[in-house]
Amino acid sequence: MKLYCYHSRIRILKPLSQKHVPFVSDTQNNMFISLVPLLLIFSHFAASQSQFLVPDLNYLQIIQILQSVLAQLPNNECTNHFSNFVQALRTGETWALTMLDATAKPQAGILLGNIMHVGNYDECLEIDQKVKTNRIQGKYCTAFFGAHPKYGTGLSKLLDELMGDFTRNEDEYQLTEDARLSYGWCVPKACTGANLQNLADVLENMTMSPLHFTFDDKFCDGGDPREFSSWAIFAIVVFSLFALLLVFGTMYDVMVFRKISDYNKEPNLLMAFSVLANGKKMLSVSTAEGSLNCLNGLRVISMMWIVLAHSFQTSFFVPHVNGKELMTWKDRTENSFIAGSSMAVDTFFTISGLLVVYLYMKSQAKGTKFSLPMFYIHRILRLTPSLAMVVLFSATLLKHMGRGPFWPIVDEMFQKPCEENWWSTLIYLQIFINPDNQCVGQAWYLAVDTQMYFLSPLIFFPLVKWPKQTIGAIMTYVVVNCGYVFGITWVKHLGTTFLNQDATQYNYLYSPTHVRGTVYLIGMVCGYLVYKTRTNPLKLTKTKVTTLWLFSLVTLVAVVLGHSSMISAPEYNVLDSSFFNSLTRVGWAIALSVIIILCVNGYGGLVDSFLSNTIFNVLIRLNYSIYLLHLNVLISVAAQGRAPTYFANLLGFHQFWGDYMFSLGASVLWTLAFESPVITIERIIFNTKSSSKATTDIKNTNGDVVAIQIVNNLKNDTNLAKS
């Protein structure tokens, strides 16, 4: 049955002939009635489709309907401008046709998920017309649509099918979920969201439309210059001062410091900001003696994995001509690398725990003293400056970085949380204080890792003194925690992957320190074993080495592929989900620890050679800034989109490399401005010399800095991760 013949009262639209309406062209008629196919398609699936009346309408009759709608609205500036618009359409004036042209048109492939209808944002904002005493300008509004509560009750099922079930369901992601059913309108600038909502409500009731549109001023843009708040001006001043420090520091380095004899050279504040001096250190491929070089490769690759996953995840929230493809895409085994990407975070936790214990035991072997206050102070000094500048940028300047039909999402999801909750991120407690509205969302990891870092002395002190008992206690906690995760999943029927998790899963399993800290503890045990086997190398037969490699690789691959099988399961199985959630992260951490121990003891072969490549010695120094900046880069690029794209893995990887390289470039500047100077400033504050030994810093991939402050007259040890 033809769609337009589904009911005898729904007929194909016919333009008036030139004989009847000489001023109406086919182009005008087709442009104006282009929304009707959308209504026809959706009315086909609505429970009340028999009520939806589209008689033999034409261009003139549609204008008359609009005039009837306007007559029912209060007389205000918006109504007057709309009346001017309708009258201009009757006479075919260019500015009115432009406003019509800039409004979205339903595109081919609606039933394949092409449901984000984007108008021409830039064309709309160019409209500026004097009509009698009125000045009419264009305003672009993104309206969300859904099934009409009265006339489209049967439409919800179809929309759910088109939307799919592949997006994250935390409250903070609800906006991007809603935006997937959106329609771009070009309207007179004088109209507010409330004016447009009144107009839409009257029109929907008059036509018994199965669709209901929702307008909000937050998602309208009239093209006005954005005013800089006092905090934004403050941020500009702060960033400008740092830029001047980089210039003056570099000039001082070239014109003064290099002319001083090496014997008399001492670090100072200006040299702390020398781009040449810090850049040389940043690009050095050398490492300190005793470095665990394989960790650099693991951390850099894990950071790439996270950027890749976030790049794909961001693409879920922009229009695609084949949007329905995403629902089958997530079920395919070859795409498990995205669903399982959260395992990269567990790699960071494992390595963080490893380094804390390894470096402590190494320092104890040298006979140095440990200062608990400096242990904490050093970490805060190394982590917080760069994080604070990202928070400042996100809270004040991010919204000024672009415009577009999707740009309001940047303000709602990235800037406003930082305006409200910046302080909780800077004290690393956001996962407890405001878990659903975090500033710099990816910094949840820093919160968990910092909390574990502050608690770590309670573990590595007894671990060194009573290793067997402490390792036994850790393993007991791991088993108990697995039981806890199993029970929570069973009771609350929680999902298994970050692609479809809801707020409950996030708050109970994904972010809590007592859950994610489990792999950190496994990493601490690994750090103990790494140190012991470095001083007393393992001697393994080929059979044992082969067995350990097979166990580790099979476990890692099984964990990643398991995510796909859990997603593609025909129905939810609480037993499978409970076992999966309770065992996968622990299994990943154990397998990764075995690989690290094999590499450290000379059994890594080609894997160790690759992970220890000197390129990773450079990239590891930029990982913290990449971790902090990459989401701002991803969302800024995506939010400036103007049209639907085609979703495919090849295009996704192409986008990822652009995102990663752009983030890498931004991280170079961020590192030189806000991270590298801290090293020199810290030496000045504590009156230390770079040639002396007692502080060891390990900079983790995701931005975590593990600082073992072994203070003996406040002297610095070798920087294993950054030298």
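About the thresholds
Residues numbered from 1 in each chain as written. Predicted model: local features only at pLDDT ≥ 70, side-chain atom pairs only at ≥ 80, totals over all residues. Heavy atoms only, no water. Helix = DSSP H or I, 4+ residues; strand = E, 2+ residues; numbered from the N terminus. Buried < 20%, exposed > 50% of the residue type's maximum accessible area, 1.4 Å probe, protein only. Contact = heavy atoms within 4.5 Å. Areas by Shrake-Rupley, 256 points an atom, 1.4 Å probe, with all protein chains shown as cover. Pairing = 2+ DSSP bridges. Phe/Tyr/Trp six-rings, centres within 6.5 Å; stacked < 30°, edge-to-face > 60°. Lys NZ or Arg CZ within 6 Å of the ring centre and 35° of its normal. 1 Å grid on protein atoms, 1.4 Å probe; cavity = no way out; pocket = protein on both sides within 12 Å on 5 of 7 lines; lining within 4 Å. Points joined across faces, edges and corners; volume = space filled by probe spheres on them. Disulfide = S-S within 2.5 Å. Salt bridge = Lys/Arg side-chain N within 4 Å of Asp/Glu carboxyl O. Core = buried A, V, L, I, M, F, W, Y, C linked by side-chain atoms within 4.5 Å. Axes fitted to C-alpha atoms, helices over the stretch in contact; angles between N-to-C directions. Parallel < 35°, antiparallel > 145°, perpendicular 65-115°, else oblique. Left-handed = near helix turned anticlockwise from the far one by under 90°. Nonpolar A, V, L, I, M, F, W, Y, C, P; charged D, E, K, R; others polar.

Caption draft 1: Representation of the overall build of the chain in the model. Summing up its helical and strand segments, the chain has 30 helices and eight strands in all. With 723 residues in all, the chain has 57% of them scored as buried. For the chain, contacts bridging at least 24 residues in sequence account for 80% of all contacts bridging at least 6. Summed over all atoms, the accessible surface of the chain reaches about 30700 Å², with 63% contributed by carbon and sulfur.

Caption draft 2: Spatial organisation of the side chain of Ser 456. For Ser 456, the position within the fold is in the loop between helix 20 (444-455) and helix 21 (457-465). Not counting residues within four places of it along the chain, the set of residues in contact with Ser 456 comprises Val 356, Phe 375, Tyr 520 and Met 524.

Caption draft 3: Region of interest: the pairing of strand 3 (residues 134-147). With 10 of its 14 residues buried, strand 3 lies for the most part within the structure. Summarising the sheet, strand 2 (residues 128-131) and strand 3 pair through four bridges and their orientation is antiparallel. Of the residues in strand 3, the one forming a bridge with Lys 130 is Arg 135. Sheet analysis places strand 3 next to strand 4 (residues 182-188), joined by seven bridges and oriented antiparallel. Within the sheet, the bridge partner assigned to Tyr 140 lies in strand 4 and is Cys 186. Examined bridge by bridge, strand 3 and strand 6 (residues 220-221) share two bridges and lie antiparallel to one another. In the sheet register, Cys 141 faces strand 6, and the bridge partner there is Cys 220.

Caption draft 4: Up close: the packing of aromatic side chains. Per the stated rule, a full pass over the model turns up 53 aromatic pairs. Aromatic side chains Phe 375 and Tyr 453 sit 4.3 Å apart centroid to centroid with 10 degrees between the ring planes, which places their arrangement in the stacked category. You can see Phe 375 sitting in helix 17 (residues 372-396) and its partner Tyr 453 sitting in helix 20, a full 78 residues away along the chain. Given the relative accessible area of 0%, Phe 375 is considered buried. By relative accessible area, Tyr 453 is classed as buried at 0%. Measuring from ring centre to ring centre gives 4.3 Å for Tyr 376 and Phe 454, while their planes differ by 5 degrees; the resulting arrangement is stacked. Here Phe 454 lies in helix 20 and Tyr 376 lies in helix 17, a separation of 78 residues in the sequence. Among the aromatic residues, ring-to-ring pairing joins Phe 348, Phe 349, Trp 444, Tyr 445, Tyr 506, Tyr 510, Tyr 624 and Tyr 627 into one connected group. One cation-aromatic arrangement involves Arg 379 over Tyr 453; the distance from NZ or CZ to the ring centre is 4.4 Å. The side chain of Arg 516 reaches across the aromatic face of Tyr 510, ending 4.9 Å from its centre.

Caption draft 5: Layout of empty space enclosed by the protein. For the structure on display, the rule yields seven cavities of 30 Å³ or more. Taken as a whole, the largest cavity holds about 250 Å³ of empty space. The wall of the largest cavity is formed by 23 residues, among which Val 485, Leu 509, Val 515, Asn 581 and Arg 585 lie closest to the centre. Residue assignment for the lining of the largest cavity shows that the elements contributing at least two residues are helix 16 (343-365), helix 22 (467-492), helix 23 (503-510), helix 24 (513-535) and helix 26 (574-600). Here the lining of the largest cavity gets six residues from one element, more than from any other, and that element is helix 26.

Caption draft 6: The arrangement of the state of the cysteines in detail. Applying the stated criterion to the full structure yields four disulfides. Here Cys 78 pairs with Cys 191 through a disulfide, and the sulfurs are 2.0 Å apart. Measuring handedness by torsion sign, the sulfur bridge of Cys 78 and Cys 191 sits at about 90 degrees and is right-handed. With Cys 78 in helix 4 (residues 77-91) and Cys 191 in the loop between strand 4 and helix 9 (193-207), the pair connects residues that are 113 residues apart, well separated along the chain. Residue Cys 191 is classed as buried on the basis of its relative accessible area, which comes to 0%. The connectivity of the disulfide-linked cysteines in the chain, indexed sequentially, is 1-5, 2-4, 3-6, 7-8. Here Cys 294 stays free of any disulfide, with the sulfur of Cys 599 as its closest cysteine sulfur at 4.8 Å.

Caption draft 7: Focus on the environment of Ile 595. Mapped onto the fold, Ile 595 is located in helix 26. Residue contacts for Ile 595: discarding those within four places in its chain leaves Trp 549, Ser 552, Leu 553 and Leu 556.

Caption draft 8: Fine view of the pattern of salt bridges. By the definition in use, this model includes 12 salt bridges. For the salt bridge of Arg 642 with Asp 122, the shortest nitrogen-to-oxygen distance reads 2.9 Å. Remark: Asp 122 occurs in helix 6 (residues 121-125) and Arg 642 occurs in the loop between helix 29 (623-639) and helix 30 (649-685); sequence separation between them is 520 residues. Asp 122 sits in the partly exposed class, given a relative accessible area of 36%. With its nearest N and O atoms 3.4 Å apart, the salt bridge here joins Asp 253 to Arg 258.

Caption draft 9: Representation of the nonpolar core in the model. Formed by 126 residues in total, the largest nonpolar core has its most connected members in Phe 239, Leu 295, Leu 354, Trp 444, Leu 446, Val 530 and Ile 596. The element contributing the most residues to this core is helix 16, with 14 residues. The contacts of Ile 596, once residues within four sequence positions are left out, are Leu 295, Leu 298, Ile 351, Leu 354 and Val 530. Of all hydrophobic cores here, the second largest spans 50 residues; its members include Ile 63, Leu 97, Leu 196 and Leu 211.

Caption draft 10: View of unusual backbone geometry. Phi is positive for Val 440, close to 55 degrees, though the residue is something other than glycine. Residue position: Val 440 is located in the loop between helix 19 (430-433) and helix 20. On the basis of relative accessible area, Val 440 is assigned to the buried category, the value being 8%. Its identity is not glycine, yet His 493 carries a phi of approximately 50 degrees, on the positive side. Mapping His 493 onto the fold places it in the loop between helix 22 and helix 23. A relative accessible area of 49% places His 493 in the partly exposed class.

Caption draft 11: View of the environment of Lys 150. Within the secondary structure, Lys 150 sits in the loop between strand 3 and helix 7 (156-163). By relative accessible area, which is 57% here, Lys 150 ends up exposed. Separated by 62 residues in sequence, Lys 150 and His 212 have C-alpha atoms that sit 9.4 Å apart.

Caption draft 12: Quick look at the packing of helix 17 against helix 29. At their nearest, the axes of helix 17 and helix 29 sit 10 Å apart, and the two run at 15 degrees to each other. The angle between helix 17 and helix 29 falls in the class roughly parallel. Remark: the crossing between helix 17 and helix 29 carries right-handed chirality. Each of Arg 382, Leu 383, Ser 386, Leu 387, Val 390, Phe 393 and Ser 394 in helix 17 lies in contact with helix 29, whose residues at this interface are Tyr 624, Leu 628, Leu 629 and Asn 632. Grouping the constituent residues of the contact of helix 17 with helix 29 by class yields seven nonpolar, three polar and one charged.

Caption draft 13: Molecular detail of the pairing of strand 5 (residues 211-214). Side chains Leu 211 and Phe 213 project from strand 5 onto a buried face, and the interleaved His 212 and Thr 214 project onto a face without burial. Pairing of strand 3 with strand 5, which is carried by four bridges, proceeds in the antiparallel orientation. Each residue of the ladder has a partner; that of Phe 144, found in strand 5, is Thr 214.

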